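# Structural overview
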Amino acid sequence: FSFGTNYSFTQSASISGRIKNAKGKTITFLRPTQTLSTYEFKMAYVEIPVEANGAFKIVFQLAEPEIINATLYDSLDKLEFRYNFFLSPNDKLEVSAVSGQSFKETKVSGKGSNNNQPLAIYTDYDSIDVFYKDTLPDRIYDYIVKTNNEHDVLLTAYIRRYKPSEKFIKASNHHLAYKPADIYYSFERSNAS
């Protein structure tokens, strides 16, 4: 599969690999940067089949780095695999994962892997569910601030260990700056209904 803009200034980047225990399922790739463009929307949300042995491969055309969300659900809509990739033009990522295991167990190698090792700052707000129906905003606010501070420590350690690109560092720092407001707003809107 190959998706992306056909402009002459784009370059290909691929994600391939194997997800054990994912036979007969599909993996979904979401490109948030493409969701606001009517022309590009058909390329923003892509489902591809996972082969019988768990293998998959997808090629994107990129003009610049993008965060691409990958998810795999079972037939009962139970999340089995989730990973956020920071894909840059010319990257060739190889992924090894086991369906149903934590994303932290995922192994990523290949060109661009220094930007794509497991990092909880993009996925670690799942426990906000305990705050639903809470009418006092200070508890969820304190949780979000505490979690964001923990994510800052994780990012600093990640940068020291994996030596990611400057674009990855800049994007991750922007994520940390704006994620608390995003999480609080989403929570508040859901909690009000």
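What you see as residue numbers is a count from 1 along each chain, following the sequence as written. A pLDDT threshold of at least 70 governs which residues receive local features in this predicted model, and a stricter bar of 80 or more applies before side-chain atom pairs are shown or counted, although totals over entire chains, interfaces and linings include all residues. Side-chain metrics in this entry use all non-hydrogen atoms of the structure; hydrogen atoms and water are not considered.

## What about the packing of aromatic side chains?
Operational definition: Only the six-membered ring of Trp is used, alongside the rings of Phe and Tyr, when aromatic pairs are assigned; centres must lie within 6.5 Å, and planes under 30 degrees apart are stacked while those over 60 apart are edge-to-face, with the rest tilted. Counting from the N terminus, the helices are DSSP H or I runs at least four residues long and the strands are E runs at least two residues long. Residue exposure (1.4 Å probe, protein chains only): buried if accessible area is under 20% of the type maximum, exposed if over 50%, otherwise partly exposed.
Scanning all chains against the criterion turns up 8 aromatic pairs. Here Phe29 and Phe56 contribute two aromatic rings whose centre-to-centre distance is 6.2 Å and whose plane-to-plane angle is 45°, an arrangement assigned as tilted. Here the residue Phe29 occupies a position in strand 3 (residues 26-30), and Phe56 occupies one in strand 5 (residues 55-62), the gap between them amounting to 27 residues. Taken as a pair, Phe29 and Phe56 share a single burial class, namely buried. Ring pairs connect the aromatic residues Phe81, Tyr83, Phe85 and Phe103, which therefore count as one cluster.

## What to know about unusual backbone geometry
One non-glycine residue with positive phi stands out, namely Asn90, at about 75°. Looking at the element boundaries, Asn90 is found in the loop between strand 7 (79-87) and strand 8 (92-98). With a relative accessible area of 34%, Asn90 lands in the partly exposed category. The phi torsion at Lys163 lies on the positive side, around 50°, for a residue other than glycine. Turning to its location among the elements, Lys163 is positioned in the loop between helix 2 (137-162) and helix 3 (166-192).

## Some remarks on the nonpolar core
Note the following rule: Nine residue types can take part in a nonpolar core, namely buried Ala, Val, Leu, Ile, Met, Phe, Trp, Tyr and Cys, and a core is a set of them joined through side-chain atoms within 4.5 Å. Between two residues, a contact is recorded if the distance between any of their heavy atoms is within 4.5 Å.
Within the largest apolar cluster, 26 residues are counted, with the highest numbers of intra-cluster contacts made by Ile15, Ile27 and Phe29. When contributions to this core are tallied by element, the ones reaching two or more residues are strand 2 (11-20), strand 3, strand 4 (45-49), strand 5, strand 6 (66-73), strand 7 and strand 8. If we ignore the near neighbours within four places in the chain, the residues touching Ile27 are Ile19, Val46, Glu47, Ile48, Val50, Phe56, Ala70, Thr71, Leu72 and Phe81. Phe86, Leu155, Tyr158 and Ile169 belong to the second-largest nonpolar core, a separate cluster that totals 8 residues.

## Some details on the environment of Ala70
For Ala70, the position within the fold is in strand 6. Given a relative accessible area of 1%, Ala70 falls into the buried group. The sequence separation of Ala70 and Phe85 amounts to 15 residues, and the corresponding C-alpha distance is 7.6 Å.

## As for the sheet that holds strand 3
Counted only if it meets this: DSSP-based pairing: two strands are paired if at least 2 bridges between them are found. Angles run from 0 to 180 degrees between N-to-C directions of axes, and those axes are lines fitted to C-alpha atoms, restricted for helices to the stretch in contact.
Spatial ordering of the open sheet is given by 4-3-6-7, a layout of 4 strands whose pairing is antiparallel. Sheet topology places strand 4 and strand 7 at the edges, where each strand pairs with a single neighbour. Each adjacent strand pair in this sheet contributes to an overall mean axis angle of 20°, direction not counted. Pairing between strand 3 and strand 6: 3 bridges, direction antiparallel. Residue Thr28 lies in a different strand from strand 6, and its bridge partner there is Thr71.

## Focus: the side chain of Ser113
This is how it is decided: Two N or O atoms count as a polar contact when they lie within 3.5 Å, although within protein this holds only if one can serve as hydrogen donor and the other as acceptor, and sequence-adjacent residues are included solely when both atoms are side-chain atoms.
Tracing the chain through its elements places Ser113 in the loop between strand 9 (107-111) and helix 2. Within the local environment of Ser113, its side chain forms a polar contact with the backbone oxygen of Gly110, the two atoms lying 3.0 Å apart. Apart from the residues within four sequence positions on either side, Ser113 is in contact with Leu93, Val108 and Tyr158.

Interpretation note: all reported values are geometric properties and have no functional meaning in isolation.
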